[in-house]
Amino acid sequence: MIRRNAPPGTEPELVWNPEFLREGSAVADCLSPDRVVLGLHPQDVSSEQRLRALYGLATRRSFFVTDYRTAELVKQAANAYLALKISYINAIAELCEQNGADVTMVSDALGADPRIGRGHLDSGIGYGGGCLPKDVRALISVAHEAGAYSLAGMLQAAQATNSARRDHAVARAASVLGPTPQGPIAVLGIAFKADTDDLREAPIVDVVNQLVDLGWEVRVYDPYVTAQRVPSCRAALEPTVSAACAGAQLVLLLGSHRLTGVTPEALGDVVGARRLLTVASRPELDRWRAAGWECIILGASATPHRTDPAVAVPAGSWTGRLPEHQ
Ligand SMILES: NC(=O)c1ccc[n+]([C@@H]2O[C@H](COP(=O)([O-])OP(=O)(O)OC[C@H]3O[C@@H](n4cnc5c(N)ncnc54)[C@H](O)[C@@H]3O)[C@@H](O)[C@H]2O)c1
Ligand SMILES: O=c1ccn([C@@H]2O[C@H](COP(=O)(O)OP(=O)(O)O[C@H]3O[C@H](CO)[C@@H](O)[C@H](O)[C@H]3O)[C@@H](O)[C@H]2O)c(=O)[nH]1
């Protein structure tokens, strides 16, 4: 297709240059990539020099120059590895919830080992978005076609863990509220992660839909999603946190979304019950507890762990941000 559409007399060269940028930090990731991967045709001698010049990183960054197939596999393997890492910590979170260990402490201590690294070790309700789920599916399919069944099996296990997290969040909410739907549930943040309005394969949307199917009235607020209705979401979106939380019997804060300007104290005055279901990776829960909230945490021990002073959020400056996003 590229050849067909090229201006007459020119011979296009195809270079495979996967991107590793993340939504929410796309510009910084683009301008300062960890590595640049180029998949080239074996006879292509000039593209590498031109791309090195384009990136302006000829000597400062890792350049990996390879064939098309390997370049694409680097991209898929990177996203699949991130999905495996998230699923691994979520599987550990499942164990923590059973035996009383603290998954956040496990993440922090594991992540202090440079061979493991702290990135993508926040337990929660699983990965979503336009990239990780799709690339995991793609690699499973490629692995099956190639007969690489170990890889396919490993990734299928991660998929199963990932969807189980959503079901688990719904089950915990139902166990807190009892079987008969009564007052409304407020859900704060539904985009697939903080600092974006992207709802593609957003895990929290799935949780919302399951709760609606169980008969609960669910009210949603997201600081970035301003539409009143989102086709994939069976609950209406409210324009403010207060509107979503008015009379709520349970507040769900299942991602790392920023709720700047909101305090647990002020929110406590509008809800029907000061009850929060959240993920272990939010550092500011002491603040909620101090404001009289019962905090039910997916994957954490019932006893709150000692807060590291380096990550403690001083009273009055609560932003709902994770340290890595500050
Ligand atoms: N979103 C990210 O952060 C990110 C980061 C790195 C790489 N990528 C990769 O970039 C690619 C695009 O991602 P995105 O997030 O921009 O997705 P997107 O869905 O926002 O954009 C894809 C675009 O391609 C168009 N399109 C789809 N099928 C087409 C077809 N057959 N012919 C012509 N146009 C078609 C769609 O209409 C849409 O405009 C994906 O392969 C993704 O893995 C995305
Ligand atoms: O510790 C973590 C980190 C992330 N997530 C979730 O994982 C998903 C993906 O997060 P992230 O990787 O930050 O988002 P993306 O913007 O989708 O970026 C991924 O997908 C891009 C598109 O392929 C790649 O370029 C990036 O390198 C890769 O990180 C989101 O639902 C997050 O909430 C967790 O549950 N725990």
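From a predicted model like this one, the values you see are computed outputs, not experimental measurements.

Remarks on the pattern of salt bridges
Here is step 1: Under the definition given, this model contains 19 salt bridges.
Here is step 2: Between K134 and D135 there is a salt bridge, and its shortest N-O distance comes to 3.0 Å.

Thoughts on unusual backbone geometry
Here is step 1: Of note, the phi angle at D195 is positive, near 65°, even though the residue is not glycine.
Here is step 2: Counting through the fold element by element, D195 comes out in the loop between β3 (185–188) and α8 (203–213).
Here is step 3: The residue E201 is not glycine, and still its phi comes out positive at about 45°.
Here is step 4: Structurally, E201 can be placed in the loop between β3 and α8.

Quick notes on the site of ligand 2
Here is step 1: Around ligand 2, the surrounding shell holds 19 residues, and the nearest of these are F20, L21, E23, K75 and C131.
Here is step 2: Here H120 contributes a side-chain N or O atom positioned 2.8 Å from an oxygen atom of ligand 2.
Here is step 3: Compared with its free state, where it exposes 690 Å², ligand 2 has 88% of that area covered by protein.
Here is step 4: In terms of residue count, the dominant contributor to the shell around ligand 2 is helix α4 (residues 68–99) (four residues).
Here is step 5: By residue class, the composition of the shell around ligand 2 is nine nonpolar, four polar and six charged.
Here is step 6: When residues are assigned to domains, the shell around ligand 2 turns out to be shared by domain 1 (2–66) and domain 2 (73–158), each giving three or more.

Some thoughts on a nonpolar patch on the surface
Here is step 1: A surface patch of nonpolar side chains, about 280 Å² in accessible area, is lined by I2, L14 and W16.
Here is step 2: With relative accessibility at 37%, the residue L14 sits in the partly exposed group.

A look at helix α3 (residues 47–55)
Here is step 1: Of the positions making up α3, those classed as buried are S47, L51 and R52. End-on, the buried residues of α3 take up no more than an arc of 135°, which puts them together on one face. Exposed side of α3, more than 90 degrees from the buried face: Q49, R50 and A53 are the residues found there.
Here is step 2: The inward-facing, buried residues of α3 contact β1 (35–39) and β2 (62–66).

Digging into the UniProt feature "binding site: substrate" (unreviewed entry) in the chain
Here is step 1: Here the UniProt feature "binding site: substrate" (unreviewed entry) sits at F20, L21, R22, E23, K75, G128 and K193.
Here is step 2: For L21, the position within the fold is in the loop between α1 (2–5) and α2 (26–31).
Here is step 3: Leaving out residues up to four positions away in the same chain, L21 has contacts with A26, D29 and C30.
Here is step 4: Looking at where G128 falls in the secondary structure, it is placed in the loop between α5 (103–111) and α6 (132–146).

Describing the site of ligand 1
Here is step 1: Lining the immediate environment of ligand 1, one finds E19, L21, E23, K75, C131, K134 and R200.
Here is step 2: Separating an oxygen atom of ligand 1 from a side-chain N or O atom of K134 is a distance of 2.8 Å.
Here is step 3: R200 has a polar side-chain atom sitting 3.0 Å from an oxygen atom of ligand 1.
Here is step 4: Broken down by class, the residue content of the shell around ligand 1 amounts to two nonpolar, no polar and five charged.
Here is step 5: Summarising the domain contributions, the shell around ligand 1 has at least three residues from each of domain 1 (2–66) and domain 2 (73–158).

Thoughts on the UniProt feature "domain: UDP-glucose/GDP-mannose dehydrogenase C-terminal" (unreviewed entry) in the chain
Here is step 1: Annotation from UniProt places "domain: UDP-glucose/GDP-mannose dehydrogenase C-terminal" (unreviewed entry) at residues 186–279.
Here is step 2: Helix makes up 24% of residues 186–279 and strand 17%, and the two end C-alpha atoms of the span are 15 Å apart.

Considerations on empty space enclosed by the protein
Here is step 1: Across all of its chains, the model carries one cavity of 30 Å³ or more by this definition.
Here is step 2: Each pocket or cavity is described by its volume, and for the largest cavity that value is around 30 Å³.
Here is step 3: In terms of lining residues, the largest cavity is bounded by V103, T104, S107, R118, L121, D122, S123, A280 and S281.
Here is step 4: Along the lines of polarity and charge, the residues of the lining of the largest cavity split into three nonpolar, four polar and two charged.

Considering the packing of aromatic side chains
Here is step 1: Within the structure shown, the criterion is met by two aromatic pairs.
Here is step 2: Relative to F63, the ring of Y55 has its centre 6.2 Å away and its plane inclined at 80°; by these criteria the two rings are edge-to-face.
Here is step 3: In this structure Y55 comes out as partly exposed when scored by relative accessible area, which is 26%.
Here is step 4: On the basis of an interplanar angle of 80° and a centroid distance of 4.8 Å, the ring pair of W288 and W293 is categorised as edge-to-face. For the pair formed by W288 and W293, the shared burial category is buried.
Here is step 5: Above the plane of the ring of F20 lies R35, whose end atom (NZ or CZ) is 3.7 Å from the centre.
Here is step 6: When the ring centre of F63 is taken as reference, the NZ or CZ atom of R52 above it lies at 4.3 Å.

Reading the values: rules and limits
- Along each chain, numbering runs from 1 in the same order as the chain's sequence is written.
- Chains and ligands are labelled sequentially in the order written, the chains with letters from A and the ligands with numbers from 1.
- With the structure being a predicted model, the display of local features is reserved for residues of pLDDT at least 70 and the display and counting of side-chain atom pairs for 80 or more, all residues being used for whole-chain, interface and lining totals.
- Only hydrogens and water are set aside; all other atoms, that is, all heavy atoms of the structure, feed into the side-chain values.
- By definition, a salt bridge exists where a carboxyl oxygen of Asp or Glu is found within 4 Å of a side-chain nitrogen of Lys or Arg.
- We count a stretch as a helix when DSSP gives it H or I for four or more residues in a row; a strand needs E for two or more, and each element gets its number in order from the N terminus.
- A single heavy atom is enough: if one lies within 4 Å of a molecule or strand, its residue is considered near that molecule or strand.
- Polar contacts, as counted here, are pairs of nitrogen or oxygen atoms within 3.5 Å of one another; within protein the pair requires one atom able to donate a hydrogen and one able to accept it, and residues that are adjacent in sequence qualify only if both atoms are side-chain atoms.
- The Shrake-Rupley method, run with a 1.4 Å probe, gives the accessible areas here. Residue values count only the displayed protein chains as cover.
- Under the scheme applied here, ten amino acids are nonpolar (Ala, Val, Leu, Ile, Met, Phe, Trp, Tyr, Cys and Pro), four are charged (Asp, Glu, Lys and Arg), and all others, including Gly, are polar.
- An automatic or database domain assignment supplies the start and end points of every domain.
- Here the term patch refers to residues with relative accessible area over 30% and no salt bridge, with like charges joined within 9 Å and nonpolar side chains (Val, Leu, Ile, Met, Phe, Trp, Tyr) within 5 Å.
- Summary of the burial criterion: residues with accessible area below 20% of their type's maximum are buried, those above 50% are exposed, and those between are partly exposed, where the area comes from a 1.4 Å probe applied to protein chains only.
- By arc we mean the arc of the directions from the helix axis to the C-beta atoms, nothing more.
- Whether two residues are in contact is decided by their heavy atoms: any pair within 4.5 Å suffices.
- UniProt positions are given in the numbering used here, feature names are shortened, and annotations may be inferred rather than shown by experiment.
- Only protein atoms enter the 1 Å grid, on which a cavity is a set of points fitting a 1.4 Å probe that cannot get out and a pocket is an open set with protein on both sides within 12 Å along at least 5 of 7 lines, lining residues being those with an atom within 4 Å of a point.
- Grid points are joined across faces, edges and corners, and a volume is the space filled by probe spheres set on the points.
- Put simply, two rings from Phe, Tyr or Trp (the six-membered ring, in Trp's case) pair if the centres are within 6.5 Å, and we call them stacked under 30 degrees between planes, edge-to-face over 60, tilted for the rest.
- Geometrically, a charge over a ring is one whose NZ (Lys) or CZ (Arg) sits within 6 Å of the ring centre while staying within 35 degrees of the ring normal.

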